Amino acid sequence: MTLRLYDTATRSVRDFVPREAGKVGVYLCGLTLQAPPHIGHLRSGVNYDVLRRWLLAAGYEVTFVRNLTDIDDKILVKAGEQGRPFWSIAYANELLLAESYRSLNVLAPTYEPRATGHIPEMHELITKLIADGHAYPASDGSGDVYFDVASWPAYGSLSGQSPDAMQSAGDAPDRGKRDPRDFALWKGAKPGEPADAYWPSPWGLGRPGWHIECSAMCWRYLGPEFDIHGGGLDLTFPHHENEIAQSQAAGLPFARYWVHHGLLSIGGAKMGKSAGNALGLAYVDSLGVRPVELRYYYAAAHYRSVIDYSEDSLRDAATAYRRIEGFVQRAAERVGAGQLGELPAGFVAAMDDDLNTSAALAVLQQHIRDGNTALSVGDDVTVRTTLAVVRAMLDILGIDPLDPAWTGGGRSDDLRAVVDSLIALALEQRAQARGRKDWAAADAVRDQLKLAGVVVEDTPQGPRWTIGEQD
């Protein structure tokens with residue numbers, strides 16, 4: 001079975017056939033850096049990281065580009081409110097975003113370009129659009145340049161909207177436009193805006209519109225045509241619709257597949273700073289939920305589904321992951337970590353079916369049940385082979401408990417060593433109490449450990465402990 005992906009442009013699940021055999025180019029719309037990232041933003045990074053890992057597992061050479069919007073109206077508003085340079089705000093939030101992605105084991109992109117680093121490419125595209133009759137400088141002397149929507153009959157094809165039913169683009173006053181639906185490619189300098197937020201251009205001092213930056217960066221890093229363009233469903237219109245129009249009108253074939261992910265909502269409303277419901281990683285940590293458990297929460301849902309966030313659902317996901325982690329840790333303690341095994345056919349079929357991670361996790365759970373049975377009867381051969389297969393599946397999802405991303409380095413390892421020693425001491429005291437048949441004292445040790453979140457399991461090979469609940 002070959003990989004099949006839902007393509008927004010055709011509204012169908014299609015066989016994935018790359019432009020060039022053995023190679024895949026992916027562009028993911030990144031964040032606008034006006035504020036720190038929240039867990040709704042971070043779902044995007046995890047979803048496309050799973051896609052990237054699956055493409056790599058299939059043997060593709062993947063060029064993965066994720067942009068950063070570091071100049072935008074929203075950032076300039078924040079700069080005015082905070083009395084800081086716009087680039088200072090953008091860079092601070094870029095660092096927070098990078099750290100958040102690292103904490104979630106999201107692979108670093110091949111390239112992560114900033115909009116402000118690609119002004120010449122934007123100028124080149126805009127100049128060509130004007131020359132070909134698809135764009136024009138504003139008539140009001142503002143220095144703005146607009147894309148002429150009426151000049152592109154295919155406009156609206158991605159989102160399925162009729163241009164006749166569309167309203168004003170809303171990104172600039174209509175007075176300089178030929179048509180209210182026309183959108184800004186270049187924004188002339190305006191009084192009252194920061195003096196360092198402008199660049200020279202053939203149309204006067206100004207800065208890029210939001211949409212042209214992605215077309216320029218796709219072109220720069222992936223060429224005129226590439227395989228997959230990703231982003232949230234909320235970007236389908238107008239952002240991605242405008243990208244297609246301006247890119248193809250400039251002679252670029254552009255993206256072959258449009259792969260959009262569902263949003264993370266809260267109480268049925270989109271999560272966001274403006275809505276006042278944005279939750280960051282610090283909030284998740286305050287619930288006692290680790291980054292790996294948050295990643296499992298994202299991966300357990302199909303990438304195109306809407307996740308309606310609640311504390312209960314996040315905690316349920318954390319509990320489910322701890323059960324998986326418990327098997328891996330017990331098995332590795334018994335037979336060693338070993339190497340990653342081959343992926344089961346059922347898992348492969350599920351992932352090839354538009355990245356059906358929920359079905360893939362069902363295959364994983366069956367293997368864990370088999371592995372737990374093997375552990376209980378001391379069947380080390382089955383434990384070893386099952387652990388290798390389970391870890392291979394978890395590696396694709398980026399949540400293998402033995403991955404150095406989750407186990408390696410620094411203070412977390414130091415703390416784990418301390419915890420291991422303290423629990424070992426408590427278990428030794430319990431064993432001594434049991435040896436002298438002081439059952440009350442033995443039970444007291446077990447109960448105190450349970451109150452601390454440590455569950456003790458008595459096995460034929462001796463007591464084992466894990467954090468959280470057991471099956």
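Counting of residues starts from 1 at the beginning of each chain's written sequence and follows it residue by residue. For a predicted model such as this one, the threshold for reporting local features is a pLDDT of at least 70, and the threshold for listing and counting side-chain atom pairs is 80 or more; totals across whole chains, interfaces and linings nevertheless cover every residue. By convention in this description, side-chain values take in all heavy atoms of the structure and omit both hydrogens and water.

Caption draft 1: View of the overall build of the chain. Along the backbone of the chain there are 15 helices and 15 strands. The dimensions of the chain, computed from C-alpha atoms along their principal axes, are 95 × 50 × 35 Å. Per-residue burial for the chain yields a buried fraction of 50% across its 471 residues. Contacts are assigned to residue pairs with any non-hydrogen atoms lying within 4.5 Å of each other. In the chain, the share of contacts with a sequence separation of at least 24, taken over all contacts with a separation of at least 6, comes to 74%. For the area figures, the Shrake-Rupley method with a 1.4 Å probe applies, and any residue is considered shielded solely by the protein chains shown. As displayed, the chain has an accessible area near 20600 Å², and 53% of this comes from carbon and sulfur atoms. We count Lys and Arg on the positive side and Asp and Glu on the negative side, and we leave His and both chain ends out. In plain terms, the charge of a residue is placed at NZ if it is Lys, CZ if Arg, CG if Asp and CD if Glu. The positive charge centre, built from 46 side chains, and the negative charge centre, built from 60, are 3 Å apart in the chain. Where helices and strands are cited, they refer to DSSP runs of H or I of at least four residues and of E of at least two residues respectively, numbered from the N terminus. Throughout this description, buried means an accessible area under 20% of the type-specific maximum (1.4 Å probe, protein chains only), exposed means over 50%, and partly exposed covers the range between.

Caption draft 2: Local environment of the pairing of strand S2 (residues 12-15). Criterion used throughout: strands pair if DSSP finds at least two bridges between them. In this sheet, S2 lies alongside strand S1 (residues 4-7) in antiparallel orientation, the contact comprising four bridges. Bridge pairing in S2 places Leu5 opposite Arg14.

Caption draft 3: Inspection of the sheet that holds strand S4 (residues 61-66) at higher detail. Pairing in this open sheet of four strands is parallel, and the strands run S4-S3-S9-S10 from one edge to the other. Of all strands in the sheet, those bounded by a partner on one side alone are S4 and strand S10 (254-261). Taking each pair of neighbouring strands and ignoring which way they run, the sheet shows an average axis angle of 25°. Sheet analysis places strand S3 (residues 23-28) next to S4, joined by six bridges and oriented parallel. Here an angle of 0 to 180 degrees is reported between the N-to-C directions of two axes, which are lines fitted to C-alpha atoms, with helices fitted over the stretch in contact.

Caption draft 4: Region of the structure containing the environment of Val389. Position of Val389 relative to the elements: it lies in helix H12 (residues 380-397). Looking at Val389, the relative accessible area reads 18%, which means it is buried. Counting along the chain gives 58 residues from Val389 to Ala331, while the straight-line C-alpha distance between them is 12 Å. The residues contacting Val389, other than those within four sequence positions of it, are Gly341, Glu342, Pro344 and His367.

Caption draft 5: Representation of the UniProt feature "binding site: Zn(2+)" (unreviewed entry) in the chain in the model. UniProt positions are given in the numbering used here, feature names are shortened, and annotations may be inferred rather than shown by experiment. UniProt tags Cys29, Cys214, His239 and Glu243 as "binding site: Zn(2+)" (unreviewed entry). Spanning 215 residues, the annotated positions come together in the fold, the maximum distance between their C-alpha atoms being 11.1 Å. With sequence-adjacent residues up to four places away left out, Cys29 is seen in contact with Asn67, Cys214, His229, Gly230, Leu235, His239, His240 and Glu243. Residue position: Cys214 is located in helix H5 (residues 210-222).

Caption draft 6: Just the side chain of Ser201, in detail. Considering the arrangement of structural elements, one finds Ser201 in the loop between strand S7 (183-188) and strand S8 (206-208). You can call Ser201 buried: its relative accessible area is 18%. N or O atoms closer than or at 3.5 Å make up a polar contact, with two conditions inside protein: a donor-capable atom paired with an acceptor-capable one, and, for residues adjacent in sequence, both atoms drawn from side chains. Within polar-contact distance, the side chain of Ser201 engages the side chain of Trp186 at 3.2 Å. Ignoring anything within four residues of it in the chain, the contact list for Ser201 reads His123 and Trp186.

Caption draft 7: Region of interest: the pattern of salt bridges. The salt bridge criterion pairs a side-chain nitrogen of Lys or Arg with a carboxyl oxygen of Asp or Glu, the two atoms within 4 Å. Counted under the stated rule, the structure contains 30 salt bridges. For Glu293, the salt bridge is made with Arg322, and the minimal N-O distance between the two is 2.7 Å. Of the two residues, Glu293 sits in helix H8 (residues 291-300) while Arg322 sits in helix H9 (residues 311-335), which places them 29 residues apart along the sequence. Connected through salt bridges with shared partners, the residues Asp73, Lys187, Glu193 and Arg207 form a single ionic network.

Caption draft 8: Fine view of the packing of aromatic side chains. Two aromatic rings, drawn from Phe, Tyr or Trp (for Trp, its six-membered ring), form a pair once their centres lie within 6.5 Å of each other, and the interplanar angle then sorts them: stacked below 30 degrees, edge-to-face above 60, tilted otherwise. Applying the stated rule across the entire model yields 15 aromatic pairs. Their ring planes at 45° and their centres at 6.0 Å tell us that Tyr136 and Tyr146 sit as a pair that is tilted. One end of the pair, Tyr136, is in strand S5 (residues 135-137); the other, Tyr146, is in strand S6 (residues 145-147), and ten residues separate them in sequence. Take Tyr136 and Tyr146: they sit in the same class, and that class is buried. Two limits define a charge over a ring: the Lys NZ or Arg CZ must be within 6 Å of the ring centre, and within 35 degrees of the ring normal. Positioned over the ring face of Tyr221 is Arg220, at 5.0 Å from the centre of the ring. If you follow Arg304 out to its NZ or CZ, it ends over the ring of Tyr6, 4.3 Å from the centre.

Caption draft 9: Seen up close, the nonpolar core. In these notes, a set of buried Ala, Val, Leu, Ile, Met, Phe, Trp, Tyr and Cys residues joined through side-chain atoms within 4.5 Å is what counts as a nonpolar core. Ile39, Leu55, Ile228, Tyr297 and Tyr298 are the most contacted members of the largest nonpolar core, which has 73 residues in total. Here this core takes eleven residues from H9, the largest share from any one element. Sequence-distant contacts of Ile39, defined by excluding residues within four places in its chain, comprise Leu264, Met271, Leu279, Gly280, Leu281, Val284, Leu294, Tyr298 and Tyr309. Counting 45 residues, the second largest nonpolar core, distinct from the first, contains Leu76, Trp203, Met217 and Ala250.

Caption draft 10: Molecular detail of the packing of H5 against helix H6 (residues 236-249). It is the contact of H5 with H6, at a shortest axis distance of 9 Å, that shows an interaxial angle of 55°. Between H5 and H6, the interaxial angle falls into the category oblique. Crossing handedness for the pair H5 and H6: right-handed. On the side of H5, the interface is formed by Trp210, His211, Ile212, Cys214, Ser215 and Cys218, while H6 contributes Pro238, His239, Asn242, Glu243, Gln246 and Ser247. Residue classes follow a fixed rule: Ala, Val, Leu, Ile, Met, Phe, Trp, Tyr, Cys and Pro count as nonpolar, while Asp, Glu, Lys and Arg count as charged, and any other residue, Gly among them, counts as polar. Among the residues making up the contact of H5 with H6, the classes are represented as five nonpolar, six polar and one charged. The cut-offs work like this: below 35 degrees is roughly parallel, past 145 is roughly antiparallel, 65 to 115 is roughly perpendicular, and the gaps in between are oblique. The handedness criterion is simple: a crossing whose near helix is rotated anticlockwise from the far helix by less than a right angle is left-handed, and one whose near helix is rotated clockwise is right-handed.

Caption draft 11: Inspection of helix H2 (residues 73-82) at higher detail. All buried positions along H2 are accounted for by Ile75, Leu76 and Ala79. Mapping the buried residues of H2 onto a view down its axis gives an arc of 100°, with all of them on the same face. For H2, exposure combined with an orientation more than 90 degrees from the buried face picks out Lys74, Gly80 and Glu81. The secondary structure elements touched by the buried residues of H2 are helix H3 (86-103) and S8. Its side-chain oxygen 2.9 Å from the backbone nitrogen of Lys74, Asp72 forms the N-cap of H2. Directly beyond the C-terminal end of H2, a positive phi value near 65° is found at Gly83. Arc, as used here, means the arc of the directions from the helix axis to the C-beta atoms.

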